[in-house]
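What the coordinates show
Now for the letters of each chain:
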Amino acid sequence: MVSKKHTQGRVAFATVVGTSIEWYDYFLYAAASGLIFNQLFFGPLGSTLSTMVAFATVGISFLFRPLGAFLAGHYGDKLGRRVVLIITLIAMGAATALIGFLPTYDSIGIAAPILLIVLRIVQGISAGGEWGGAVLLAVEHAEPEHRGLRGSFPQIGVSIGLILSSGVLALMTTIAPGEAFLEWGWRVPFFLSILLVAVGYWIRRGVEESPVFHEIAERKEQVTNPLGKLFKSHWLLVILASLLFVGNNAAGYMTTGGYIQNYATDPTGPVGLDRGPVLWAVSASAVSWLIFTIIAGSVSDKIGRRNTYLLGWMLLLIGIFSLFPLVNTGSIWMLFLGLIILTVGLGFTYGQQPAMYAEIFPSSVRFSGVSVSYAIGSILGGAFAPTIAKALVASTGTTTSVAIYLAIITLISLAATLALRDRSRIPLGPDHEEEQSVSPIIGIGSR
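Within any chain, residue numbers begin from 1 and follow the written order of that chain's sequence. Totals for whole chains, interfaces and linings use all residues, but because this is a predicted model, local features are given only for residues with pLDDT of at least 70 and pairs of side-chain atoms are given and counted only at 80 or more. Each side-chain value is derived from all of the structure's non-hydrogen atoms; neither hydrogens nor water enter the calculation.

**What to know about the overall build of the protein**
On a plain count of helices and strands, the protein comes out with 22 helices and zero strands. Its C-alpha atoms give the protein a radius of gyration of 21 Å, within 12% of the compact-globule value 22 Å for 447 residues. Principal axes of the C-alpha set define a box for the protein whose edges measure 60 × 40 × 40 Å. Between two residues, a contact is recorded if the distance between any of their heavy atoms is within 4.5 Å. Residue pairs at least 24 apart in sequence account for 83% of intrachain contacts in the protein once pairs closer than 6 positions are excluded. For the protein, the accessible surface area stands at approximately 15,900 Å², while carbon and sulfur atoms represent 70% of it. When charges are counted, Lys and Arg are positive and Asp and Glu negative, with His and the chain ends excluded. By convention, the point assigned to a charge is CZ for Arg, NZ for Lys, CD for Glu and CG for Asp. Averaged over its 27 positive side-chain charges, the protein has a centre that lies 4 Å from the centre of its 24 negative ones. By definition, any uninterrupted DSSP run of H or I lasting at least four residues is a helix, any uninterrupted run of E lasting at least two residues is a strand, and each is numbered from the N terminus. C-alpha atoms define the radius of gyration, and 2.2 Å times the number of residues to the power 0.38 defines the globule rule. Here the Shrake-Rupley method, with its probe set to 1.4 Å, supplies the accessible areas, and only the displayed protein chains count as covering residues.

**Side note on the pattern of salt bridges**
Salt bridge, as used here, is a side-chain nitrogen of Lys or Arg placed within 4 Å of a carboxyl oxygen of Asp or Glu. Tallied over the full model, the rule gives five salt bridges. Residues E433 and K229 are paired through a salt bridge, measuring 3.5 Å at the closest nitrogen-oxygen approach. Here E433, found in helix α22 (residues 433–437), pairs with K229, found in helix α12 (residues 226–233); they are 204 residues apart in sequence, far enough to count as distant. Residue burial is assigned from relative accessible area. The probe radius is 1.4 Å, only protein chains are included, and a residue is buried under 20% of its type maximum, exposed over 50%, and partly exposed in between. By relative accessible area, which is 30% here, K229 ends up partly exposed.

**Quick word on the nonpolar core**
In terms of nonpolar packing, the biggest core is built from 107 residues, with I36, F37, F41, W186, M254 and Y259 touching the most fellow members. With 13 residues, the top contributor of residues to this core is helix α1 (residues 4–40). Excluding its chain neighbours within four sequence positions, the residues that come into contact with F41 are L102, P103, T104, Y105, A112, P113, L116 and W186. Nonpolar cores are built from buried Ala, Val, Leu, Ile, Met, Phe, Trp, Tyr and Cys residues. Side-chain atoms within 4.5 Å join them into one set. By size, the runner-up hydrophobic cluster in this structure holds six residues, among which are A14, V17, I21 and I203.

**Focus on the packing of helix α13 (residues 235–252) against helix α18 (residues 353–360)**
Only the stretch in contact is used when a helix axis is fitted, and all axes are lines through C-alpha atoms; the angle between N-to-C directions ranges over 0 to 180 degrees. Here α13 crosses α18 at 175°, and the two axes come no closer than 12 Å. Considering their axes alone, α13 and α18 lie roughly antiparallel with respect to each other. Each of L237, A241, S242, L244 and F245 in α13 lies in contact with α18, whose residues at this interface are Q353, M356, Y357 and I360. Residue composition of the contact of α13 with α18, by class: seven nonpolar, two polar and no charged. Note on terminology: angles under 35 degrees are roughly parallel, angles over 145 are roughly antiparallel, angles of 65 to 115 are roughly perpendicular, and the others are oblique. Only Asp, Glu, Lys and Arg are considered charged, only Ala, Val, Leu, Ile, Met, Phe, Trp, Tyr, Cys and Pro nonpolar, and every remaining residue, Gly among them, polar.

**Overview of the environment of L236**
Along the chain, the position of L236 falls in helix α13. Remark: the alpha-carbon pair of L236 and I441, spanning 205 residues in sequence, is separated by 8.6 Å. The contacts of L236, once residues within four sequence positions are left out, are I441 and I444.

**Section: the environment of V84**
Position of V84 relative to the elements: it lies in helix α4 (residues 81–101). When the C-alpha atoms of V84 and G132 are compared, they prove to be 9.7 Å apart, with 48 residues separating the residues in sequence. Filtering out sequence-adjacent residues up to four positions away, V84 remains in contact with A72, Y75, G76, G129 and F367.

**Some points on the side chain of S378**
Looking at the element boundaries, S378 is found in helix α19 (residues 366–380). Accessibility expressed as a relative area gives 0% for S378, which makes it buried. Reaching out from S378, the side chain makes a polar contact with the backbone oxygen of A375 at a distance of 2.6 Å. For S378, the contacting residues outside a window of four places in its chain are F62, R65, F245, N249 and A383. Polar contacts, as counted here, are pairs of nitrogen or oxygen atoms within 3.5 Å of one another; within protein the pair requires one atom able to donate a hydrogen and one able to accept it, and residues that are adjacent in sequence qualify only if both atoms are side-chain atoms.

**Overview of the packing of helix α7 (residues 147–175) against helix α15 (residues 275–303)**
Where α7 contacts α15, the axes come no closer than 8 Å and their chain directions differ by 175°. On the basis of their axis angle, the class for α7 and α15 is roughly antiparallel. When its residues are assigned to classes, the contact of α7 with α15 shows 17 nonpolar, 13 polar and three charged.

**Let's talk about unusual backbone geometry**
Non-glycine residue R425 carries a positive phi angle of around 75°. Looking at where R425 falls in the secondary structure, it is placed in the loop between α21 (400–418) and α22.

**What about the packing of aromatic side chains?**
Pairing of aromatic side chains requires ring centres within 6.5 Å, counting the rings of Phe and Tyr and the six-membered ring of Trp. Pairs whose planes differ by under 30 degrees are stacked, by over 60 edge-to-face, and all others tilted. In the structure shown here, the tally under the stated rule is 21 aromatic pairs. Here F37 and F41 contribute two aromatic rings whose centre-to-centre distance is 5.4 Å and whose plane-to-plane angle is 90°, an arrangement assigned as edge-to-face. Each of the two residues, F37 as well as F41, counts as buried. For the ring pair F70 and F231, a centre distance of 6.3 Å and an interplane angle of 80° mean the geometry is edge-to-face.

**Considerations on α15**
Between its first and last C-alpha atoms α15 spans 41 Å; for 29 residues at 1.5 Å apiece the expected length is 42 Å, and the two agree. Once α15 finishes, G304 follows within two positions and takes phi at roughly 95°, a positive value. Each helix should span, by expectation, one fewer than its residue count multiplied by 1.5 Å.

**Let's talk about the side chain of T410**
Note on placement: T410 falls in helix α21. The contacts of T410, once residues within four sequence positions are left out, are G247, W313, L316, L317 and I320.

See below:
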């Protein structure tokens, strides 16, 4: 008989590997948008506008995340977490690999950017369905006293995905420098997705379904319309949970959305660093993000999710106002330091998120609630953050405007945190649906 500890280890490994592959695919596009796609697919628009449009295509995919979240939430609450994760992994990988085969604007004209956007939309739908299933598998398998730590494991898939995507692109700038990188080198990282998805599929097939969903299925208590129930009974909670995420997502997409990479390497800009060192610096900073994400998950098991968030927002504000002054020095080491400082706050506002989300939604609509809140939060937060940052700098001539914009978004998340009770260690099973259904919003319901 397989021990519970062994099962949890397998689940943790599978969720880390799966989310890492998903986010590798997703961030690879984002990084390429400001370095490659602006030239090869949107070049006729001119330097500034082509980059803004390329960043906008990163954001367009976010608009389709709710569709992925609705579909995944609906079927995840009816059919289980595991099957949804396999489907989203395959869809994401197929879209990424096909991007690698796309002809450029010079070859097929306007059809090239149109096809690129269609494949990015498929990535958005897949990303919208992936996150909720991965984090619920991790959290619902965990003991109450370790939910924060266990839930942080799929979160580090974001950091690993950033490390892999930036690292592989940086490696290709060495293997295929200069024009060779634009001619064929950029395609190799997209082709690698085929191998990564095959590995991820093999691993995820062996993962057991969430014990919470097993209980629901055995009792035949699946909700026939989980989305309807979610928005009828918990619409305000969905809004607050979405706003809880916007600060982290907006600040995080300065790197995962490709903005810093483009800003720091723009030959006509104030920094003008080489592409390779910047990509390596982003990859290295992602290691710091990974470490602080795990630390935050563990800390939240000791001091609570809410307190960890409050600490995290303060740290994130420090990172936001440190980032651009350090980047603007023109030193690759100062850029790296700025990214490291930022990742401390990013980690402390991300590691505890799965446990926090799982604990505020009832078991019958949990997949829907978690997925939809995350998707809406990503639209309001990171979807167009790189585009907005590019436009702010173009109109004001200073990166201070970007820091103020990110700080305002962070303060919104801080306010959402203050509006929610801490429900660390609340039972997650269907036996406790009545307790879970009491609103976690301060001023509504009771403890």
